[in-house]
Amino acid sequence: MRKFEVVSPYSPSGDQGQAIEKLSQGFLNGDRYQTLKGITGSGKTFTMAKIIEKVQRPTLIISHNKTLSAQLYREFKSFFPHNAVEYFVSYYDYYQPEAYVPARDLYIEKDASINDEIDKLRLAATYSLMERRDVIVVATVSCIYGLGMPDLYKGMRVHIEKGEILDTRKFARELASIQYQRNDMVLDRGNFRIRGDVIEVYPPYMETDTAYRIELDFDEVASIRRFNVITRETEELLDEMQFYPAKHFVVPHDALVSATERIQEELDERVESLLAAGKMIEAERLKTRTTYDIEMMKEMGYCSGIENYSGPISGRKRGEPPATLLHYFPDDFLCLIDEAHVTVPQIGAMYEGDRSRKQNLIDFGFRLPSALDNRPLKYEEFEKKMNQVIYVTATPREQEIKLSSQVVEQIIRPTGLLDPVIEVRPSEGQMEDIYREVKARIEKGERSLILTLTKKMAEDLTDYLLGLNLKVKYIHSEIDTFERVEILKSLRLGEIDVLIGINLLREGIDLPEVSFIAILDADKIGFLRSTTSLMQIAGRAARNQNGVVVMYADTITPSIKETVEETARRRAIQQKYNEEHGITPHTISKAVQDILVRARDDAEETVKTELSVIKKQANLFDAKQRKKLIEALKKEMSDCAERLDYEQAAVLRDQILEIQRTYGE
C-alpha cells in the first residue's frame, strides 16, 4: 500500500520540527484533541503536511470557506503528488434554498445550479476513501451535510472479472440502477455504451479522462482495459473492475418502494393533524405536493427535492443524524481543522440556521416534518464522529485550549522576522501622534494602517489627514468592490501612504510594506478589540522588520494586557532563536510590483482550481445560463472582497468582464 510522502525542496526549519514531532507523537499516543498554535508566516501548512507523513493516516482537512480550501487543496496537491489529494466543497454554482416568508405570504422555490465538475471531485473523494488509505480530503463545512449512506454506496457497486460469463442486458440494468445512463452515441461522464461485443463505461469520479472498455468473446469477458477517452490509448489491462454509483444518493428499487409507503403514512398523519388544527389550506397544499412526489418516486425513481425525504428513504428514526462525508472515513483517521477559531463556530452554527428555515416550510404545509432530518450535523454529533483532531490556528479559543491535551506553539518564522513592538499610548493628542508616526514612515518609504471602530470615524479621519497633505484612503463595506481592489493596490505601489479601515484583518494578508499600525479606541469592549482581534491586527505588522503597533487607550483592558504580554513573550523567544542561529531578520526585499505579480499568480491559480470548471458546463450563448454564471462569479467576488482577498476578487472581476465582452451582458 502506498505511503504518504511529502515532496518538497524544503525541510522543517525554526520550530516546525518540534511541532511536527510533538503533535505526531500525541496522535500516535491516542490524544483526541491537540492544538497547533502557529503564528502568521510560520509555515503551518508545511507542518500539517509533515504530520500527515509522520502518522500515515487518512486525513480530513476542514477550512471555513471555498477560497481557503482551494488554496490548501493546491498546496497539498504539490506536497503529495504520489497520493490521493481530494477536494470536497459545495457543488452549487448558484443556490437559492427553498423558503417561506409568512409575513409576506411569499414562497420561494429552490433554485440551484449544480457544478458537475465539483460533483465529480466530490465523487472522487468518496471513491478514493473506499479504495485506498493514502487519502487527504480538503473540505469546507459542507462535509457535515447529508450524503448518501456509505454502506449502500459500497454495497451497490457493480463488480466484473476477466473470464466471467456476462449477460449484457443484466449488466446494463445494473449500471442503470446505480444512476449510469446509456448513450450509445457519445461516451460522457456517468454514461455507458454497448456496441456489439464491446461495452464502454465512463465513471464520473475519475479525475482524469479515463474510462473502461470491456471486450467480450461471445458471452465471456475477454479483457478489461482502462483507456483515455480522448486519445483512445490503452493505459492498463485489468483482471477485475468494480464500478461505484454515479451519484452519492442511490437507493435500491425495493427500498424506495417501502420508503414511499413510510412517506404516505407520515403524510396521512400530518394532514390529519393540520385539519384538526383548522389549517385547511396547509393540509391541502401538503397533500397535493407530497402525493405528486410519491408518484414521481414510484414511476421515475426520483423527484424534485428528494433530499427532503432522505430520512424515510434511509430508514432513519426521527432525529437521527444523516450520513455525511465523515462516515466514509475509516475509524482511525486524522482531522485537521484549519483556522479553528473561525471554522469550529461555523460548524456549530450550521444546524440552527438550517432548522429555522425548514420549520416555516413544515408549519405552513410545504414539507413533511421528516424534512428536518435532511440537515447538517449538530456540533455534538460532529464531535462524536471525530476520531482525533488537531486544531490549527494562530489564536485558539478557550474551548480549543481546554479540550486539547497539548497546545504546541510554532512561533519562529523561517524568514527570521519578529513579532512587532507594541506600545500603548493615551488617546489625548492621538491625531498629532499618528501624524508624526506616519510622516516618519513616509520618509522611509513604508506604509501605515489605521483601524477605527466606525465607518464615520474612518471617513472623518481620512478627511483630516487629507487636509494635512497626506496620501490617504479608507476602506469599508460601502466601498465598491472594484474600487477596494484598486485602493489596496495603490497602497502597495506607494500611490497612497495610509489606509484607514475598521477590520483590515484577513489572516495571512501579505503587506510587507506596512511598518506602522495605529489602533484607535483600543480599550473599547467588543469583538473588534478582543484579544483574538488585537493579536491578528498585530500580525499584520509582522511582515516588516521595523513593525510597530500603537494602541491608543485610556485604560489597560484585559485584552490589551494579554496582547502586549503575549507579543512580548513571542518576540523574546524569536530574538533569542535568531541570536543563537546567527539570523538577521530582513523585510521581504522584492519590489512591490514583484509582490503584486506573485499575489496575482497565486490568486489566478486558486480561482482556476475553484472556478475554471464553471465555464465548461455553462452554455455562455444562452442568456439565462450566462446570467446565472455571472451572478455566481459576482457573489464569489464579493465574498473575496469582504475578506480583503483583493487579488482573487480582481481575478474574478476580470473573468466577469471577459464573459460580458465576449458574449454580451
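Definitions and limits used
Residue indices begin from 1 for each chain and proceed along its sequence in written order. Only residues with pLDDT of at least 70 are given local features in this predicted model, and only at 80 or more are side-chain atom pairs given and counted; all residues enter the totals for whole chains, interfaces and linings. Where side-chain values are given, they derive from all heavy atoms of the structure, hydrogens and water being excluded. Two strands are said to pair when DSSP picks up at least two bridges between them. Helix numbers and strand numbers start at the N terminus; a helix is a DSSP run of H or I with at least 4 residues, a strand a run of E with at least 2. Helix axes are fitted only over the stretch in contact, all axes being lines through C-alpha atoms; the angle between N-to-C directions runs from 0 to 180 degrees. Three labels apply to residues, based on accessible area from a 1.4 Å probe with only protein chains included: buried if under 20% of the type maximum, exposed if over 50%, partly exposed otherwise in between. To obtain the arc, one takes the directions from the helix axis to the C-beta atoms. Two residues qualify as a contact provided that any one of their heavy atoms is within 4.5 Å of a heavy atom in the partner residue. Whether two aromatic rings pair depends on their centres lying within 6.5 Å, for rings of Phe, Tyr and Trp, where Trp uses its six-membered ring; planes under 30 degrees apart make the pair stacked, over 60 edge-to-face, and the rest tilted. Our definition puts a charge over a ring when NZ of Lys or CZ of Arg is within 6 Å of the ring centre and also within 35 degrees of the ring normal. Using a 1 Å grid laid over the protein atoms alone, points where a 1.4 Å probe fits but cannot get out form a cavity; open sets with protein on both sides within 12 Å along at least 5 of 7 lines form a pocket; any residue with an atom within 4 Å of a point counts as lining. Grid points are joined across faces, edges and corners, and a volume is the space filled by probe spheres set on the points. The residue classification treats Ala, Val, Leu, Ile, Met, Phe, Trp, Tyr, Cys and Pro as nonpolar and Asp, Glu, Lys and Arg as charged. All others, Gly included, are polar. By definition here, a salt bridge exists when the distance from a side-chain nitrogen of Lys or Arg to a carboxyl oxygen of Asp or Glu is within 4 Å. Note that the term roughly parallel is reserved for angles under 35 degrees, roughly antiparallel for angles over 145, roughly perpendicular for angles of 65 to 115, and oblique for everything else. Helix crossings get a hand from a simple test, with the near helix turned counterclockwise from the far one by less than a right angle marking a left-handed crossing and a clockwise turn marking a right-handed one. Each residue after the first adds 1.5 Å to the expected span of a helix.

## A few points about the sheet that holds strand E18 (residues 388–393)
Line of reasoning, step 1. The strand order across the open sheet formed by 7 strands is E3-E8-E2-E17-E18-E1-E19, and the pairing between neighbours is parallel. Where the open sheet ends on each side, the last strands, each with one partner, are strand E3 (84–88) and strand E19 (407–410). Ignoring strand direction, the axes of neighbouring strands in this sheet form an average angle of 20 degrees.
Line of reasoning, step 2. Here E3 pairs with strand E8 (residues 135–139) via 5 bridges, running parallel. Note that in E8 the partner of Ala84 across the bridge is Val135.

## Side note on helix H6 (residues 168–177)
Line of reasoning, step 1. Residues of H6 that are buried: Phe171, Ala172 and Leu175. The arc enclosing the buried residues of H6, seen along the axis, measures out at 100 degrees, which places them on a common side. Every exposed residue of H6 that faces more than 90 degrees away from the buried side is listed here: Arg169 and Arg173.
Line of reasoning, step 2. Turning to H6, the residues buried within the fold contact strand E9 (158–161), strand E11 (191–195), strand E12 (198–202), strand E13 (210–217) and strand E16 (240–243).

## Considering the sheet that holds strand E14 (residues 220–228)
Hydrogen bonding along the main chain pairs the strands of a sheet, whether they run parallel or antiparallel.
Line of reasoning, step 1. Strand order in the open sheet formed by 6 strands is E10-E11-E12-E13-E14-E15, with mixed pairing between adjacent strands. Edge positions in the sheet fall to strand E10 (181–182) and strand E15 (234–238), since each has one partner strand and no second.
Line of reasoning, step 2. Here E13 runs beside E14; their pairing, made up of 8 bridges, is antiparallel. Bridge pairing links Ala211 to Phe227 in E14.
Line of reasoning, step 3. Along the sheet face, H6 touches E11, E12 and E13 and points at about 170 degrees away from the line of E11.

## Some thoughts on the packing of aromatic side chains
Line of reasoning, step 1. Following the criterion strictly, the structure yields 18 aromatic pairs and no others.
Line of reasoning, step 2. On the numbers, 5.0 Å between centres and 35 degrees between planes, the contact of Tyr100 with Phe366 is tilted. Taken together, the residues Tyr100 in strand E5 (residues 99–101) and Phe366 in the loop between helix H10 (340–363) and helix H11 (379–385) connect sequence positions 266 residues apart.
Line of reasoning, step 3. Residue classification places Phe366 among the buried positions, given a relative accessible area of 6%.
Line of reasoning, step 4. Members of the aromatic cluster, joined through ring pairs, are Phe4, Phe46, Phe76, Phe79 and Phe80.
Line of reasoning, step 5. Sitting over the face of the ring of Phe227, Arg213 holds its NZ or CZ atom 4.2 Å from the ring centroid.

## A word on the pairing of E18
Line of reasoning, step 1. Across the 6 residues that make up E18, a large majority, 6, are buried.
Line of reasoning, step 2. Neither face of E18 is left uncovered, since the one carrying Gln388, Ile390 and Val392 and the one carrying Val389, Tyr391 and Thr393 both have all their residues buried.
Line of reasoning, step 3. Pairing geometry for strand E1 (residues 33–38) and E18, over 5 bridges, is parallel. Opposite Thr35, over in E18, you have Tyr391 as the bridge partner.
Line of reasoning, step 4. Here strand E17 (residues 334–338) pairs with E18 via 5 bridges, running parallel. Its bridge partner being in E18, Leu334 is matched across the sheet by Gln388.

## Observations regarding unusual backbone geometry
What is expected of a backbone is that most residues other than glycine have negative phi and most peptide bonds are trans.
Line of reasoning, step 1. For Gln179, which is not glycine, the phi dihedral falls at a positive 75 degrees.
Line of reasoning, step 2. Within the fold, Gln179 resides in the loop between H6 and E10.
Line of reasoning, step 3. Accessibility expressed as a relative area gives 39% for Gln179, which makes it partly exposed.
Line of reasoning, step 4. Here the phi dihedral of Phe218 falls at roughly 60 degrees; this positive angle occurs in a residue that is not glycine.
Line of reasoning, step 5. Residue placement: Phe218 occurs in the loop between E13 and E14.

## Thoughts on empty space enclosed by the protein
Line of reasoning, step 1. Under the definition given, this model contains 5 cavities of 30 Å³ or more.
Line of reasoning, step 2. Lining the largest cavity are 14 residues, and of these Ile39, Thr40, Met535, Gly539 and Arg570 sit closest to its centre.
Line of reasoning, step 3. Breaking the lining of the largest cavity down by element, the ones donating at least two residues are helix H16 (531–539) and helix H17 (558–581).
Line of reasoning, step 4. A per-element tally of the lining of the largest cavity places H16 first, with 4 residues.
Line of reasoning, step 5. A class-by-class count of the residues in the lining of the largest cavity yields 5 nonpolar, 5 polar and 4 charged.

## Some points on the pattern of salt bridges
Line of reasoning, step 1. Scanning the model with the defined rule gives 34 salt bridges in all.
Line of reasoning, step 2. Across the salt bridge formed by Glu21 and Lys54, the nearest N and O atoms sit 3.1 Å from each other. Here Glu21 is found in helix H1 (residues 16–28), whereas its partner Lys54 is found in helix H2 (residues 44–55), with 33 residues between them in sequence.
Line of reasoning, step 3. Residue Lys54 is classed as partly exposed on the basis of its relative accessible area of 43%.
Line of reasoning, step 4. Note that Arg570 and Asp419 form a salt bridge whose closest N and O atoms lie 3.7 Å from each other. With Arg570 in helix H17 and Asp419 in the loop between E19 and strand E20 (421–425), this residue pair connects regions lying 151 residues apart in the sequence. One exposure class covers both Arg570 and Asp419, and it is buried.
Line of reasoning, step 5. Salt bridges linked by common partners bring Lys37, Glu409, Arg413, Asp419, Glu566, Arg569 and Arg570 together as one network.

## Looking at the packing of H1 against H2
Line of reasoning, step 1. It is at 9 Å that the axes of H1 and H2 come closest, and there the two elements cross at 40 degrees. Between H1 and H2, the crossing angle belongs to the class labelled oblique. In this structure, the crossing between H1 and H2 has a hand that is right-handed. Counted together, Gln16, Ala19, Ile20, Glu21, Leu23, Ser24, Phe27 and Leu28 of H1 and Phe46, Thr47, Lys50, Ile51, Lys54 and Val55 of H2 form the full contact between these two elements.

## A look at H10
Line of reasoning, step 1. Taking 1.5 Å of rise per residue, 24 residues should cover 34 Å, and H10 covers 36 Å from first to last C-alpha, within 8% of that figure.
Line of reasoning, step 2. Considered for burial, the residues of H10 that qualify are Ala340, His341, Thr343, Val344, Ile347, Tyr351, Asp354, Lys358, Leu361 and Ile362.
Line of reasoning, step 3. Backbone geometry just downstream of H10 places Gly365 in the positive-phi region, at approximately 80 degrees.

## Details of the environment of Cys335
Line of reasoning, step 1. Here Cys335 lies in strand E17.
Line of reasoning, step 2. In the structure, Cys335 is positioned 276 residues away from Thr59 in sequence and 5.7 Å away in space, judged by C-alpha atoms.
Line of reasoning, step 3. Excluding its chain neighbours within four sequence positions, the residues that come into contact with Cys335 are Leu60, Ile62, Met386, Gln388, Val389 and Ile390.

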